[in-house]
Amino acid sequence: MRILLIEDDDRIREDVCRALEAAGYIVDSEASGEEGWFLGDTEVYGAVVLDLGLPDMDGLTILKKWRREGRDMPVLVLTARGSWSERVEGIDAGADDYLPKPFHIEELLARLRAIVRRTNGQADPTVTVGDAQLDTRQMRLSIKGVPVALSPQEYRLVSFLMLNKGRVVPQQELAEHLQSVHFERESNAVEVLVGRVRRKLSTKLIQTRRGFGYIVEDQAEDI
Ligand code: CA
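The sections below set out a description of the structure shown in this document. (Residues numbered from 1 in each chain as written. Predicted model: local features only at pLDDT ≥ 70, side-chain atom pairs only at ≥ 80, totals over all residues. Heavy atoms only, no water.)

So, on to the packing of aromatic side chains. A complete count under the given rule lists one aromatic pair for this structure. In this arrangement the basic side chain of lysine 65 is found over the ring face of tryptophan 37, its NZ or CZ atom lying 4.4 Å from the centre. (Phe/Tyr/Trp six-rings, centres within 6.5 Å; stacked < 30°, edge-to-face > 60°. Lys NZ or Arg CZ within 6 Å of the ring centre and 35° of its normal.)

See below:
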């Protein structure tokens, strides 16, 4: 899953970026509010971590603009310690959750996982489709209870499809979630990745809807 991080404090931005990448996310990070707003407006993200106090365009303005323009990705807002008015304003502006500074990185990761799950209609940290079970806390996929060894990129693919189970995900959308904005996008990268994951799984978890994209869904009984 691709995350946008907007934070002007270099130390916090670098620490959060590193932790998000270690947790398996693809991260685009920005120190400038203006640049960050533009990325959120033009690219597809699974979630955004947004600092409110930014020098050029402040976080509340960014969030209001996105929501007004119909950008509905989940947003976790970072607020100044003890500032209840910032929290209220943030939530009114369309934030999905907030985290006061200073925070423990583990709490940020947990809140991020929670808003992503809620956005995808999943209250439970595990997602089950047929024989396959995804544990979003341990970032592990099991088939019939047996863990499957996946690379971070392979895990991102499977977890994105499973969190969106029952929906056909266009190839373009998958590509946007799997790659950072700074990487070149190879046209067949998603197909290659899907092929590799399929060979690792003993089930037909990922199905192709030719011309539309990929889908993971609960199987109807064989007739
Ligand atoms: Ca700041």
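Now for the packing of helix 7 (residues 171-178) against helix 8 (residues 189-200). The N-to-C vectors of helix 7 and helix 8 enclose an angle of 85°; their axes lie 9 Å apart at closest approach. In terms of orientation, helix 7 and helix 8 fall into the roughly perpendicular class. Here Gln171, Leu174, Ala175 and Leu178 of helix 7 lie close against helix 8, whose contacting residues are Val190, Glu191 and Leu193. When its residues are assigned to classes, the contact of helix 7 with helix 8 shows five nonpolar, one polar and one charged. (Axes fitted to C-alpha atoms, helices over the stretch in contact; angles between N-to-C directions. Helix = DSSP H or I, 4+ residues; strand = E, 2+ residues; numbered from the N terminus. Parallel < 35°, antiparallel > 145°, perpendicular 65-115°, else oblique. Contact = heavy atoms within 4.5 Å. Nonpolar A, V, L, I, M, F, W, Y, C, P; charged D, E, K, R; others polar.)

Before going further, it helps to spend a moment on the pattern of salt bridges. Following the criterion strictly, the structure yields 17 salt bridges and no others. Lysine 144 is the partner of aspartate 131 in a salt bridge, and the nearest nitrogen-oxygen pair spans 3.9 Å. Of this pair, aspartate 131 sits in the loop between strand 6 (126-129) and strand 7 (132-135) while lysine 144 sits in the loop between strand 8 (140-143) and strand 9 (146-148), placing them 13 residues apart in sequence. The exposure class of lysine 144 is exposed, given its relative accessible area of 65%. Where salt bridges share partners, they join Arg2, Asp28 and Glu43 into one cluster. (Salt bridge = Lys/Arg side-chain N within 4 Å of Asp/Glu carboxyl O. Buried < 20%, exposed > 50% of the residue type's maximum accessible area, 1.4 Å probe, protein only.)

Distances from the calcium ion to its protein donors, Asp8 (OD), Asp51 (OD) and Gly53 (O), fall at 2.2 to 2.3 Å. We note that the donor set of the calcium ion lies within a single chain, spaced as D-x42-D-x1-G. Relative accessible area serves as the criterion here: at 4%, aspartate 51 is assigned to the buried category. Look at glycine 53 and you get partly exposed, because its relative accessible area is 46%. (Donors = N, O, S within 2.8 Å, 3.2 Å for Na, K, Ca; no water.)

We now examine the environment of aspartate 218. Here aspartate 218 lies in the segment after strand 11 (213-215). In this structure, the C-alpha to C-alpha distance between aspartate 218 and glutamate 43, residues 175 residues apart in sequence, is 30 Å. Contact partners of aspartate 218, with chain neighbours within four places excluded, come to Thr128, Val129, Gly130 and Lys165. A distance of 3.4 Å separates a polar atom in the side chain of aspartate 218 from the backbone nitrogen of glycine 130. (Polar contact = N/O pair within 3.5 Å; in protein donor to acceptor, adjacent residues only side chain to side chain.)

Glancing now at the layout of surface pockets. Approximately 380 Å³ is the volume found for the largest pocket. For the lining of the largest pocket, the secondary structure elements donating two or more residues are helix 5 (105-119), helix 6 (152-163) and helix 7. Of the residues assigned to the lining of the largest pocket, the class counts are eight nonpolar, six polar and five charged. For the second largest pocket, the lining is made up of 16 residues, of which Tyr25, Arg113, Thr136, Met139 and Tyr155 are closest to its centre. (1 Å grid on protein atoms, 1.4 Å probe; cavity = no way out; pocket = protein on both sides within 12 Å on 5 of 7 lines; lining within 4 Å. Points joined across faces, edges and corners; volume = space filled by probe spheres on them.)

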